[in-house]
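What follows is each chain in one-letter form.
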Amino acid sequence: MARVTQIMPADAPGGLPEKAARLVYWLFGAFTRVFSIVLLLAAWEILARSGTFTHFQLPAFSEVVERIGSDAWSGDLWINTALTLYRALTAFAICAVFGVIIGMAMSRSAIANWFFDPIISVGFPMPKIAFLPVVILWLGVYDVSKITIIVIDAIFPVIAATVIAIQGVERELIWSARNMGANNRELLTQIVLPAASPQIMTGLQVALPLSLIVAVVAEMLMGGYGLGGAMMTASRFANSTGVFAGIVEIAVVGYCLVKVMALIRRRLLIWHQESNEPTTA
Amino acid sequence: MRFMKLALAGVCALGLFATGSARSAEPVKIRMSWVAPIANWGSIILEKKDLAQHMGKSYTLESIHYQGTPQTIAAIANNELEVASLAYSSLAIAIENAGLDDIRVIADEFQDGVPGYYSGQYYVRKDSGINKVEDLKGKVIGTNGGGSAIDVAIRAMLHKHGLEEKRDYTMLEGPLPAMPAMLLEKKVDLIPVVLPFSFNPKLREDGKVLFEQRDILGVTQMIMLTARKSFIDKHRAAMVDFMEDMLRIVHWYLDPKNHDEVAKIASKITKAPPERFGWLFTKADTYRDPNLIPNLEALQRNVEVTRELGFVKKKLDIAKYADLSLVKDAAKRLK
Amino acid sequence: MKQVVRYLPLLLLAIAWELAARFELVSTTALPPLSDVIRAWIDLLKDGDLVSNGLSSLYRAFAGLGLAILVGATLGIVMAWWKPANVLLSPLVEMFYPLPKSALIPVTVIWLGYGDGSKILLIFLGCMLPVTIGAFNGARSSEQALVWSARSMGANRLRMLWDVVVPSAMPEMLNGVRTALALSFILLVSSELIVAQKGFGYLIGSLGANGSYDAMYAVVLTVAFLGFAADRIYLVITKRTLAWRE
């Protein structure tokens with residue numbers, strides 16, 4: 001949509017009509033972007049009010065919004081969101097740094113590859129949340145253990161994507177760089193990493209929501225503050241408005257995270273052809 | 001082509017009709033929930049289905065494992081479950097918050113603190129210097145989740161001694177089996193201990209009992225079986241048959257002369273050696289009523305404590321939410 | 001011999017586990033020694049519990065994963081290729097992606113109940129999004145030069161989709177599928193933990209509830225091993241599929 005809004009004003013003559021046209025177009029663009037979500041929410045509201053389900057099974061969206069509003073007013077919403085985000089993002093940062101380093105090491109050194117490859121293949125599909133009691137005993141029940149369990153879960157997609165990305169860098173590119181006299185370090189930082197970055201970013205795009213998911217799940221299992229903890233408490237008291245409020249809150253937080261990540265991707269990969277729309281190529 | 005389609009639709013309709021009419025003659029499907037293995041009848045009842053006389057005739061039984069109470073309540077509210085195993089605290093929550101106004105207590109599962117039987121124990125470390133409840137000020141307390149039957153007991157005890165959460169102590173959630181390790185590794189200062197974890201030798205060596213659940217709640221109607229009135233009214237005969245079979249099976253389990261075989265069944269389900277189940281269904285275990293009659297007087301008191309602690313708001317008259325006629329009718333038939 | 005050297009790191013980890021438990025670096029009630037876990041595994045296998053529960057789990061996992069790959073790949077490519085689809089669907093994808101799928105259980109139960117359906121739906125939802133995103137990113141970055149040359153050669157849109165966009169989306173999409181494969185095992189366990197009569201998650205949940213941690217870890221390791229095997233098989237297939245790139 002962003003592309004269209006750029007073209008549009010150029011065609012329109014200057015002055016007030018142009019501004020109005022721009023506004024209308026912007027509004028239209030914003031509307032199409034949320035159209036499907038609005039549709040979903042409307043369907044929810046109508047369904048809940050139709051009496052097909054009891055209030056416990058499906059509370060109306062408006063009530064859920066009310067509940068979120070009162071949580072925001074009391075401040076609980078902000079504390080819980082901040083805590084969950086802090087845990088998820090700290091863990092994500094650790095995953096991003098160490099995941100890429102391990103991935104790079106694995107594709108550069110046979111020893112690193114020998115050591116990590118089987119561990120990753122076995123560890124990736126393992127239901128790691130089962131080890132939560134062990135992590136609790138080692139690291140306590142506070143943030144350190146939650147962050148650790150998130151890292152253990154979310155680092156795998158980063159490593160896997162990095163390895164595949166570096167493998168996928170075209171040989172011609174490496175050969176020609178070699179021919180031009182690039183040494184190993186230059187090759188890595190100037191050729192391989194940039195060429196591999198779109199796929200590494202894809203790995204990070206998988207890891208970020210995963211961090212949030214594991215953060216919420218860990219909070220659900222360990223209780224206390226955080227979006228997951230609040231949702232678990234609501235669920236224990238059969239307070240389904242609270243549960244659905246939790247779902248909406250987590251969805252909104254996650255949506256924002258994913259959006260920011262996509263924005264960063266576009267910024268970082270501005271040189272890459274995927275960020276260029278055909279018209280500007 | 002049109003004829004083909006019409007014929008196809010006809011066949012489908014006929015098929016639906018056939019299955020629809022056949023269903024009324026089929027046995028009633030009863031789904032029963034359980035959370036804790038062994039402790040809930042639902043987890044072991046099918047192991048002795050050879051004793052059941054009506055199973056497969058007037059009703060069929062499926063036992064389904066649920067992670068906890070929230071899911072159980074959701075399932076019974078969605079009619080995904082016919083017989084739910086609920087704790088006293090969850091019963092009040094289900095009625096008030098989940099709108100399950102037609103839920104009825106139909107049978108006992110187990111009761112805590114009946115004189116001569118086991119009562120839930122609350123441990124501290126021997127070297128912790130905690131000798132009375134007041135010493136817990138500023139400490140960290142383990143729980144299996146806010147609003148659970150065990151959690152209500154802890155809070156009631158601390159409340160009685162003038163301690164309130166957040167102001168005087170911190171609550172920390174963890175799985176019950178991990179509680180002894182959490183205490184001994186000094187992550188928490190007080191833990192609830194249920195069977196069979198109270199037999200942990202290290203816990204007995206380094207820990208001591210600060211109080212028992214009976215000290216605060218007296219007899220507790222911990223867990224009971226519940227069903228919805230709409231279902232009971234519709235399938236009364238099948239439910240009485242089911243209760244009759246339950247009684248037979250429960251009598252068998254509680255009979256001391258079957259103890260060795262019971263231990264073997266417990267071992268098969270939990271994958272722990274049978275020697276570890278010496279306590280099961282004896283006086284060292286929580287009380288289980290042989291006639292499946294719940295203690296409604298205790299239940300009324302327990303629900304009242306739950307309300308006093310602020311977990312539910314309305315007063316609840318338990319007599320309105322109990323229907324013991326099924327299990328009593330079934331007992332008459334056995335005589 | 002070569003295989004032994006290859007999987008030596010796993011052996012090292014196993015020894016570290018055994019020693020950590022034997023020397024009580026961590027309480028054995030929470031982490032029993034690996035040798036006990038292996039003993040419990042053999043018992044579980046002998047009982048037949050592992051096989052009967054495993055089969056019902058695998059059915060759910062593959063049903064969910066298969067649907068996820070089919071729908072996810074189509075969705076991703078269509079979204080990259082056709083703008084209106086992107087505008088309409090991407091907000092939904094972005095909204096559902098970061099939701100813990102287990103949080104959606106109250107919603108899925110309303111539609112599908114607590115049976116196989118809701119579990120397959122959860123696995124499907126959880127696995128679909130990595131595939132969609134992989135396919136979307138892959139298709140979007142398909143080289144413009146290729147698209148142009150195909151266009152200049154007079155290929156129509158559909159042909160181009162099939163001949164140019166799909167193959168170039170392949171590597172990223174296949175990586176997305178690999179993520180989904182791993183996720184499917186995790187999602188399977190977490191969905192079965194909640195409500196089940198059978199399955200790996202059921203075993204983990206009911207054994208864990210009783211504190212039989214040696215048997216519980218035996219099941220966890222079985223799931224990990226099956227995931228590992230699936231991953232290896234998958235890698236072999238991908239290598240074959242991507243052979244044209246060499």
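The model shown is predicted, which means the values in this text are computed figures rather than measured ones. Sequence order as written defines the numbering, with residues in each chain counted from 1. Each chain is given a letter, starting from A, and each ligand a number, starting from 1, according to the order in which they appear as written. Per-residue local features are limited, in this predicted model, to residues with pLDDT of at least 70; the limit for side-chain atom pairs, both in listing and counting, is 80 or more; totals at the level of whole chains, interfaces and linings are taken over all residues.

Q: Where do I start with the overall build of chain A in this structure?
A: In terms of regular secondary structure, chain A is built from eleven helices and zero strands. Principal axes of the C-alpha set define a box for chain A whose edges measure 70 × 70 × 30 Å. By residue count, 40% of the 281 residues in chain A fall in the buried class. Here the analysis covers contacts within chain A between residues at least 6 apart in sequence; of these, 69% occur between residues at least 24 apart. Under the DSSP-based scheme used, a helix requires at least four consecutive residues in state H or I and a strand at least two consecutive residues in state E, with every element numbered from the N terminus. Counting other C-beta atoms within 10 Å of its own, a residue is labelled buried from 20 upward, exposed at 12 or fewer, and partly exposed in the gap between, with every C-beta atom placed from the backbone. Once C-beta atoms are placed from the backbone, any two residues with those atoms within 7 Å are in contact.

Q: When you look at the domain arrangement of chain B in this model, what are you seeing that I'm missing?
A: When the parts of a complex come together, some accessible area is lost, and that lost area is often used as the size of the interface. Residues and elements named next belong to chain B. Marked domain ranges trace back to an automatic or database domain assignment. If you check the domain split of chain B, you get domain 1 (7-112 + 220-334) and domain 2 (121-217). The straight-line distance from the C-alpha centre of domain 1 to that of domain 2 is 29 Å. When residues of the side of domain 1 that touches domain 2 are traced back to their parent elements, those giving at least two are helix 3 (88-96), strand 10 (220-228) and helix 11 (296-308).

Q: I'm lost on the interface of chain A and chain B in this one. Help?
A: Taken together, the 17 residues of chain A in the interface contact 23 residues of chain B. Of all elements in the fold, only helix 6 (132-139) and helix 10 (227-236) of chain A reach the threshold of two or more residues within the side of chain A that touches chain B. Here the nonpolar group is Ala, Val, Leu, Ile, Met, Phe, Trp, Tyr, Cys and Pro; Asp, Glu, Lys and Arg are the charged ones; every other residue, Gly included, is treated as polar. The residue inventory of the side of chain A that touches chain B, partitioned by class, reads eight nonpolar, eight polar and one charged.

Q: Looking at this model, I keep getting lost on the interface of chain C and chain A. Mind explaining?
A: On the chain A side, the residues contacting the 51 residues of chain C number 58 residues. Contributions of two or more residues to the side of chain C that touches chain A are made by helix 2 (8-22), helix 5 (83-96), helix 6 (105-112), helix 7 (116-140), helix 9 (157-194) and helix 11 (213-241) of chain C. Ranked by the residues each element gives to the side of chain C that touches chain A, the list is headed by helix 9 of chain C, at ten residues.

Q: Got a minute to help me understand the sheet that holds strand 1 (residues 28-34) of chain B in this structure?
A: Two orientations exist for strands paired in a sheet by backbone hydrogen bonds: parallel and antiparallel. Paired strands are those between which DSSP finds at least two bridges. As summarised here, the arrangement of the three strands in space is 1(B)-2(B)-1(C), forming an open sheet in which the pairing is mixed. Taken across any chain shown, the strands that pair with only one partner, and hence form the sheet edges, are strand 1 of chain B together with strand 1 (195-196) of chain C.

Q: Is there a simple way to think about the environment of Phe131(A) in this case?
A: Residues and elements named next belong to chain A. Positionally, Phe131 belongs in the loop between helix 5 (110-123) and helix 6. We classify Phe131 as partly exposed; it has 18 C-beta atoms within 10 Å. Spatially, the C-alpha atoms of Phe131 and Arg87 are 18 Å apart, while their sequence positions differ by 44 residues.

Q: Can you help me understand the environment of Met128(C) in this one?
A: Residues and elements named next belong to chain C. Along the chain, Met128 falls in helix 7. The sequence separation of Met128 and Gly117 amounts to eleven residues, and the corresponding C-alpha distance is 16 Å. Beyond its immediate chain neighbours, meaning those up to four positions away, Met128 contacts Ala68, Val71 and Gly72.

Q: Explanation requested: the pairing of strand 2 (residues 59-66) of chain B in the structure shown.
A: When a strand is regular, its side chains alternate between the sheet's two faces. In terms of residue burial, strand 2 of chain B counts as a mostly covered element, since six of its eight residues are buried. Where strand 1 of chain B meets strand 2 of chain B, seven bridges bridge the pair, whose relative direction is parallel. For Met32(B), the partnering residue across the bridge sits in strand 2 of chain B and is Ser63(B). As judged from the two bridges shared by strand 2 of chain B and strand 1 of chain C, these two strands associate in the antiparallel manner. Directly across from Tyr66(B), in strand 1 of chain C, lies its bridge partner Val195(C).

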